[in-house]
Amino acid sequence: MIQSRLSANHFVFTGERTMVVYQSDRNGPPFGNPDLNRASLEYQGPAGTQTFIDKEITLQSIPKGQLIIVMLTARDTASAIFLTLVIPTITLTTDQSVTFETLLLQARTRGLANGPAMLYAVLPLLGIASHVVQPLAMLALSN
């Protein structure tokens, strides 16, 4: 029997006091055209809880993977928090999930304070990648 090869499109990441769930292009390839992005990212961690959809998520291709970038709501106008999630390209066989290690980079602006304009923190994450097929009814609702 020949097994199908699929690209992962659903990712769950956990790390120290942090959980991120990323669902890439719900109706298309896992790292699709950013102009047609239909992704969602849910963040829960020390910087708060927030959900991002579609155009609130910036996708940047890198060799053998993708950077997923979001900006958390700033607590004041002088600072902002940017999260960058590194996701390697992952190919699966049907009904399989893959566990892997990756990183979440947190960049925090410092506003007008003396010193560097950004402060960085790197959080190691454990990820589980899978391929989720949405029913046709869900696809019709999301268009």
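Every value quoted in this text rests on a predicted model; they were computed, and no experiment measured them.

### Considerations on the sheet that holds strand 7 (residues 65-72)
Taking strand neighbours across the sheet as the criterion, the 9 strands line up as 5-4-3-2-11-10-8-7-6 in an open arrangement whose pairing is antiparallel. On the outer flanks of this sheet lie strand 5 (48-53) and strand 6 (58-62), each paired with one strand and no other. On average, each strand axis in the sheet is inclined to that of its neighbour by 20°, with strand direction left out of account. Both strand 10 (residues 97-109) and strand 11 (residues 118-130) contribute to a ladder of 13 bridges, which runs antiparallel. Along strand 11, the bridge assignment pairs Ser 97 with Ser 130.

### Comments concerning the layout of surface pockets
What the largest pocket holds in volume is close to 210 Å³. Around the largest pocket, the lining residues are Glu 16, Arg 17, Thr 18, Tyr 43, Pro 46, Ala 47, Leu 104, Gln 106, Arg 108, Ala 121, Val 122 and Leu 123. Sorting the residues of the lining of the largest pocket by element identifies strand 10 and strand 11 as the ones contributing at least two each. Partitioning the lining of the largest pocket into residue classes produces 7 nonpolar, 2 polar and 3 charged.

### Observations concerning the packing of aromatic side chains
Evaluation of the coordinates by the stated rule reveals 4 aromatic pairs. Both rings, one in Phe 11 and one in Phe 13, keep their centres 6.0 Å apart while their planes meet at 5°; by these two values the pair is stacked. Given the relative accessible area of 0%, Phe 13 is considered buried. An angle of 90° between the planes, with centres 5.8 Å apart, marks the rings of Phe 13 and Phe 100 as edge-to-face. Of the two residues, Phe 13 sits in strand 2 (residues 10-15) while Phe 100 sits in strand 10, which places them 87 residues apart along the sequence. With relative accessibility at 11%, the residue Phe 100 sits in the buried group. An aromatic cluster is defined as three or more aromatic residues linked by ring pairs; in this entry it consists of Phe 11, Phe 13, Tyr 22 and Phe 100.

### Considering empty space enclosed by the protein
Per the stated rule, a full pass over the model turns up 1 cavity of 30 Å³ or more. Along the walls of the largest cavity sit Val 20, Leu 41, Tyr 43, Ile 68, Val 70, Leu 83, Leu 85 and Leu 104, which together make up its complete lining. Among the secondary structure elements, those contributing two or more residues to the lining of the largest cavity are strand 4 (40-45), strand 7 and strand 8 (81-88). Looking at the lining of the largest cavity residue by residue, the classes come out as 8 nonpolar, no polar and no charged.

### Description of the nonpolar core
One finds Phe 11, Phe 13, Tyr 22, Leu 41, Tyr 43, Ile 57 and Leu 85 to be the most contacted residues of the largest nonpolar core, which totals 26 residues. When contributions to this core are tallied by element, the ones reaching two or more residues are strand 2, strand 3 (18-23), strand 4, strand 7, strand 8, strand 10 and strand 11. The element best represented in this core is strand 8, accounting for 4 residues. If near-sequence neighbours (up to four positions away) are discounted, Phe 13 is found in contact with Thr 18, Met 19, Val 20, Tyr 22, Leu 85, Ile 87, Phe 100, Thr 102, Leu 125, Leu 126 and Gly 127.

### Quick notes on the confidence of the model for the protein chain
On average, the protein chain scores 81 in pLDDT, and the residues at 70 or more come to 76%. Segment residues 27-32: pLDDT under 50, and 18 contacts once partners within four positions in sequence are set aside and those in other chains are kept. The low-confidence segment residues 137-141, where pLDDT is below 50, has 3 contacts with residues more than four positions distant or belonging to other chains.

Rules used in this analysis
Residues numbered from 1 in each chain as written. Predicted model: local features only at pLDDT ≥ 70, side-chain atom pairs only at ≥ 80, totals over all residues. Heavy atoms only, no water. Pairing = 2+ DSSP bridges. Helix = DSSP H or I, 4+ residues; strand = E, 2+ residues; numbered from the N terminus. Axes fitted to C-alpha atoms, helices over the stretch in contact; angles between N-to-C directions. 1 Å grid on protein atoms, 1.4 Å probe; cavity = no way out; pocket = protein on both sides within 12 Å on 5 of 7 lines; lining within 4 Å. Points joined across faces, edges and corners; volume = space filled by probe spheres on them. Nonpolar A, V, L, I, M, F, W, Y, C, P; charged D, E, K, R; others polar. Phe/Tyr/Trp six-rings, centres within 6.5 Å; stacked < 30°, edge-to-face > 60°. Buried < 20%, exposed > 50% of the residue type's maximum accessible area, 1.4 Å probe, protein only. Core = buried A, V, L, I, M, F, W, Y, C linked by side-chain atoms within 4.5 Å. Contact = heavy atoms within 4.5 Å. pLDDT = per-residue confidence, 0-100.

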